[in-house]
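Take a look at the letters that make up each chain.
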Amino acid sequence: RSRGRRQPPPRQLRPRARVGLISNAWPEIRGLLETEWSLADAFEPLVLSAEVGLIKPDPRIFHLALERAQVEPSQAAFVDDFPENVEAAAALGMRAVLFRTTDQAQEEVARLIEGAAVRRDVTGFASWARRVVARGRGRREGSEIVRLRA
């Protein structure tokens with residue numbers, strides 16, 4: 001923690017989780033994540049639509065993120081604030097949760113992590129990035145990948 005501020009959720013999940021990001025954001029998002037927000041190092045993998053040429057809810061972007069996270073869809077959970085993205089993730093076999101509020105999303109991700117602690121090697125995708133991306137250009141385009149450590 002720096003200067004008494006709370007760590008962003010991706011860092012709060014460590015050491016229990018590895019967090020990645022899937023984002024439909026604009027091309028400059030990597031620069032903002034790396035410099036202005038100092039968050040790029042919190043995400044593994046980092047799948048940016050502007051770099052990979054795919055956007056949610058295209059199943060190929062989910063498959064790419066799953067491949068980079070080295071997990072199967074059945075080992076993953078996805079949380080996003082757009083119903084079509086949640087539905088696409090669920091259709092692939094991921095546990096999918098619609099983001100409605102920060103508290104609700106954090107509670108559901110915490111339950112996924114608690115459940116995964118018993119069943120090793122589970123990955124979850126969570127939509128915390130919505131708030132971060134909204135700071136950039138008023139857009140709500142991002143999701144996180146959470147890979148739980150055994």
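Since the structure is predicted, the reported quantities are computational estimates derived from the model, not experimental observations.

A. The environment of Phe99, seen in detail. Among the structural elements, Phe99 can be located in the loop between β4 (95–98) and α6 (102–118). Counting along the chain gives 20 residues from Phe99 to Val79, while the straight-line C-alpha distance between them is 6.0 Å.

B. Quick peek at the confidence of the model for the protein. Averaged over the protein, the pLDDT score is 74; the fraction of residues at 70 or greater is 66%. Segment residues 118–141 is flagged for pLDDT under 50; beyond a separation of four residues in sequence, or across chains, it makes 92 contacts in the model.

C. Geometry of helix α2 (residues 29–36). Those residues of α2 that fall on the buried side of the exposure criterion are Ile29, Leu32 and Leu33. In an axial view of α2, the angular spread of the buried residues amounts to 100°, which keeps them on one side of the axis. Ser38 sits one or two positions beyond α2 and adopts a positive phi of about 50°.

D. Structural view of helix α4 (residues 59–69). Listed in full, the buried residues belonging to α4 are Ile61, Phe62, Leu64, Ala65, Leu66 and Ala69. Immediately beyond the C-terminal end of α4, within one or two residues, lies Gln70, with a positive phi of roughly 60°.

E. Structural detail: the environment of Arg100. Looking at the element boundaries, Arg100 is found in the loop between β4 and α6. Looking at Arg100, the relative accessible area reads 54%, which means it is exposed. Once the C-alpha coordinates of Arg100 and Asp81 are considered, the two residues, 19 residues apart in sequence, prove to be 6.5 Å apart. Separated by 3.3 Å, the side chain of Arg100 and the backbone oxygen of Leu98 make a polar contact.

F. Molecular detail of the packing of aromatic side chains. The tally for this structure, following the rule as stated, stands at 1 aromatic pair. The interplanar angle of 90° and the centroid separation of 5.1 Å between the aromatic rings of Phe62 and Phe78 together place this pair among those described as edge-to-face. One end of the pair, Phe62, is in helix α4; the other, Phe78, is in strand β3 (residues 77–80), and 16 residues separate them in sequence.

G. Spotlight on unusual backbone geometry. Pro45 follows Glu44 through a cis peptide bond whose omega is 5°. Take Pro45: it is sitting in strand β2 (residues 43–48). A cis geometry characterises the amide bond from Lys56 onward to Pro57, with omega recorded as 15°. Relative to the assigned elements, Pro57 resides in the loop between α3 (49–52) and α4. The backbone phi angle of Ser38 is positive, close to 50°, even though this residue is not glycine. Turning to its location among the elements, Ser38 is positioned in the loop between α2 and β2. On the basis of relative accessibility, which here comes to 42%, the residue Ser38 falls in the partly exposed class. With phi around 60°, Gln70 is a residue other than glycine that occupies positive phi space. By the element assignment, Gln70 lies in the loop between α4 and β3.

Parameters and conventions
Residues numbered from 1 in each chain as written. Predicted model: local features only at pLDDT ≥ 70, side-chain atom pairs only at ≥ 80, totals over all residues. Heavy atoms only, no water. Helix = DSSP H or I, 4+ residues; strand = E, 2+ residues; numbered from the N terminus. pLDDT = per-residue confidence, 0-100. Contact = heavy atoms within 4.5 Å. Buried < 20%, exposed > 50% of the residue type's maximum accessible area, 1.4 Å probe, protein only. Arc of directions from axis to C-beta. Polar contact = N/O pair within 3.5 Å; in protein donor to acceptor, adjacent residues only side chain to side chain. Phe/Tyr/Trp six-rings, centres within 6.5 Å; stacked < 30°, edge-to-face > 60°.

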